[in-house]
Amino acid sequence: MSGRSDRTLRGRVAVIGIGETEYYRHGASPDAEFKLALKAIFAACNDARLDPRDIDGFASYSDDRSDASRLAAALGTHRLRTATMQWGGGGGGCCAAVANAAASIVAGLADCVVVFRSLAQGQYGRFGQTTGIDNISGEKAYLMPYGVLAPPQRFAMRVRRFMHDHGVRQEALRAIALASYHHAQANPRAVMHGKPLDPAKYDASRWIVEPFHLYDCCMENDGAAALVLVPEERAKDFRQKPVYVLGAAVGSGHRTGAIPHNSPLYASASFDTVALDLYRMAGLGPSDIGVVQSYENFTGGVVMALAEHGFFRPEEANDFFTLENLIAPSGRLPLNTSGGNLAECYMHGFGLVLEAVRQVRGTSSNQVARNDVAMVIGGPMVTPVSNLLLGSSATL
């Protein structure tokens, strides 16, 4: 790693532990949200054989309610040195939270940081509900008075425009759903384990809002997931094979957040600039990546996001998105190998990060043939978005 710029995360931080709770349908968790967070953190520490009291930082996103100082007190940590929360709703920050934690370590602000997401909708209500709201502001003020109430409605318009502009067929979206469900059948942690999906069932499912069928939309779940980061010089002191941060990027392009639906690049997943930043930091390109975990709030966003990361030209989407190309172990680009947001769990995308770690370790329930470099894509079509590249020691 000699000659690297100091202004990089590449190879300087490693994931040494991952953990998660059981995943539940929304509102079904028997535990409070804070307890779920603690369970996932304890599981990550146990995975690494790390004393939880040695944690000195916390990072999360999407307005997670499990406060860092309260977590530190409950865990008995010796001291709290950093606590970061990524702006932005939903899952656009699932990779950014890892980047913020890694940056804290590289800057010397902390030595052992937990990144986590916890959610108990039975305790606090459904995350995306639109009823019972008396006052609105921002983008919603331009949409909700006209009946555009929920995320599927908002994002369907962007996806439909992309499909129109590039001739993308419904079968491309279907292949993504089928791949997620296919992988979930080999993953006993998945909420949809034992509930397979076939093309006929997909086609017969009800429209939520065109072009999204029921199976194009993520689930809503309860649970928690966590990972632990340490400096690379400590990475081999723990039980598991270390997985290194090769690159991370956060943000969006010019006026992506212009409202109402007035961004200059409308039919976009918001990665037009962010993908370039990721590849630049990692010193890698699309051909180096063996597996992708891409956030599927809706399947159409995956098509847009992978195009913007350079895996294919938009006009090639119909040929690229076939079930054979997307499944482990040897598809052209195995996708969402845990089942993803559609079929494993919708922990606002953090399960995707854990699955990328498992792939690099070689412990996934759907292990791929090329696993030295794994990509995670967070929150297509929101702003800011984020992404992440993880790799083995052989990539350094």
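Residues numbered from 1 in each chain as written. Predicted model: local features only at pLDDT ≥ 70, side-chain atom pairs only at ≥ 80, totals over all residues. Heavy atoms only, no water.

Here we take up the overall build of the protein chain. Check the secondary structure of the protein chain and you find 14 helices and 12 strands. Overall size of the protein chain, expressed as C-alpha extent along the three principal axes, is 55 × 50 × 45 Å. When each of the 396 residues of the protein chain is scored for burial, the buried share is 59%. Once local pairs closer than 6 in sequence are excluded, the contacts in the protein chain between residues at least 24 apart make up 77%. Put simply, the protein chain shows about 15500 Å² of open surface, and 49% of that area lies on carbon and sulfur atoms. Across the protein chain, the mean location of the 37 positive side-chain charges is 2 Å away from that of the 38 negative side-chain charges. (Helix = DSSP H or I, 4+ residues; strand = E, 2+ residues; numbered from the N terminus. Buried < 20%, exposed > 50% of the residue type's maximum accessible area, 1.4 Å probe, protein only. Contact = heavy atoms within 4.5 Å. Areas by Shrake-Rupley, 256 points an atom, 1.4 Å probe, with all protein chains shown as cover. Lys, Arg positive; Asp, Glu negative; His and termini not counted. Charge placed at Lys NZ, Arg CZ, Asp CG, Glu CD.)

Its location among the elements puts Thr21 in the loop between β1 (13-20) and β2 (24-25). Once you skip the residues sitting within four places of it in the chain, Thr21 turns out to touch Leu36, Lys39, Ala40, Gly223 and Ala224.

Moving on: the packing of aromatic side chains. Per the counting criterion, the structure on display carries 8 aromatic pairs. An angle of 85 degrees between the planes, with centres 5.6 Å apart, marks the rings of Tyr181 and Tyr215 as edge-to-face. Of this pair, Tyr181 sits in helix α7 (residues 170-184) while Tyr215 sits in the loop between β7 (212-213) and β8 (221-231), placing them 34 residues apart in sequence. Between Tyr295 and Tyr346 the ring centres are 5.8 Å apart and the planes differ by 75 degrees, which places this aromatic pair in the edge-to-face class. Taken together, the residues span a long stretch of sequence, with Tyr295 in the loop between β10 (291-294) and α10 (299-308) and Tyr346 in the loop between α13 (340-343) and α14 (350-361) at a distance of 51 residues. Positioned above the aromatic ring of Tyr61 is the side chain of Arg117, whose terminal nitrogen or guanidinium carbon lies 5.8 Å from the ring centre. Between Arg154 and the ring centre of Phe155, over which it is positioned, the NZ or CZ distance is 5.2 Å. (Phe/Tyr/Trp six-rings, centres within 6.5 Å; stacked < 30°, edge-to-face > 60°. Lys NZ or Arg CZ within 6 Å of the ring centre and 35° of its normal.)

On to the side chain of Asp56, then. Relative to the elements of secondary structure, Asp56 occurs in the loop between α1 (33-48) and β3 (57-61). In terms of polar contacts, Asp56 uses its side chain to reach the backbone amide nitrogen of Asp111, at 3.0 Å. The contacts of Asp56, once residues within four sequence positions are left out, are Arg79, Leu80, Arg81, Thr82, Ala110, Asp111, Cys112 and Val113. (Polar contact = N/O pair within 3.5 Å; in protein donor to acceptor, adjacent residues only side chain to side chain.)

This part takes up the nonpolar core. Counting 104 residues, the largest nonpolar core has Leu227, Leu229, Leu306, Phe311, Phe321, Phe350 and Leu389 as the members making the most contacts within it. If one sorts the elements of this core by residue count, α7 sits on top with 9 residues. (Core = buried A, V, L, I, M, F, W, Y, C linked by side-chain atoms within 4.5 Å.)

Proximity of charged atoms lets side chains of opposite charge pair with each other. Following the criterion strictly, the structure yields 21 salt bridges and no others. One salt bridge connects Asp203 with Arg174, and the closest N-O pair in it is separated by 2.9 Å. Taken as a pair, Asp203 in helix α8 (residues 199-204) and Arg174 in helix α7 lie far apart in primary sequence, 29 residues in all. For Arg313, the salt bridge identified is with Glu315, shortest N-O distance 3.6 Å. Classification of Arg313 by relative accessible area gives partly exposed; the value is 49%. Beyond isolated ion pairs, a larger network of salt bridges with shared partners links Glu20, Arg189, Glu344, Glu355 and Arg358. (Salt bridge = Lys/Arg side-chain N within 4 Å of Asp/Glu carboxyl O.)

The next thing to look at is α14. With 12 residues, α14 ought to run about 16 Å at 1.5 Å a step, and its terminal C-alpha atoms sit 17 Å apart, in line with that. The buried fraction of α14 amounts to 12 of the 12 residues, a majority that puts the element mostly inside the structure. Looking one or two residues past α14, Gly362 carries a phi angle of roughly 90 degrees, positive in sign. (Expected span 1.5 Å × (residues − 1).)

So, about the packing of α7 against α10. Across the interface, α7 lies against α10 with an axial gap of 8 Å and an inter-helix angle of 105 degrees. Comparing the axis directions of α7 and α10 gives the class roughly perpendicular. Contacts from Leu173, Ile176 and Ala177 in α7 reach Thr299, Gly300, Val302 and Val303 in α10. Split into classes, the residues belonging to the contact of α7 with α10 amount to 5 nonpolar, 2 polar and no charged. (Axes fitted to C-alpha atoms, helices over the stretch in contact; angles between N-to-C directions. Parallel < 35°, antiparallel > 145°, perpendicular 65-115°, else oblique. Nonpolar A, V, L, I, M, F, W, Y, C, P; charged D, E, K, R; others polar.)

Before going further, it helps to spend a moment on the state of the cysteines. Counting across every chain of the model gives 0 disulfides. The structure places no disulfide on Cys95, whose sulfur is separated from the nearest cysteine sulfur, that of Cys94, by 4.1 Å. Among the residues examined, Cys95 registers a relative accessible area of 0% and is labelled buried. We note that Cys218 lacks a disulfide partner, and the nearest cysteine sulfur, in Cys217, lies 7.1 Å from it. (Disulfide = S-S within 2.5 Å.)

Another aspect to go through is the packing of α1 against helix α2 (residues 68-75). At a minimum axis distance of 11 Å, the contact between α1 and α2 shows a crossing angle of 60 degrees. As the angle between them shows, α1 and α2 are arranged oblique. Here α1 runs over α2; the crossing is right-handed. Each of Phe34, Ala37, Leu38, Ile41 and Phe42 in α1 lies in contact with α2, whose residues at this interface are Arg70, Leu71, Ala74 and Leu75. (Left-handed = near helix turned anticlockwise from the far one by under 90°.)

Turning to unusual backbone geometry, a few remarks are in order. Between Glu210 and Pro211 the backbone carries a cis peptide bond, its omega angle lying at 10 degrees. Counting through the fold element by element, Pro211 comes out in the loop between β6 (207-209) and β7. A cis amide bond links Ala328 to the next residue, Pro329, at an omega of 5 degrees. Relative to the elements of secondary structure, Pro329 occurs in the loop between α12 (323-326) and α13. Of note in this structure, Asp63 is not a glycine but carries a positive phi near 55 degrees. Relative to the assigned elements, Asp63 resides in the loop between β3 and α2. Here His348, not a glycine, exhibits a phi torsion of approximately 50 degrees, which is positive. Mapped onto the secondary structure, His348 falls in the loop between α13 and α14. A residue is classified by how much of its surface remains accessible, and His348, at 1% relative accessible area, is buried.

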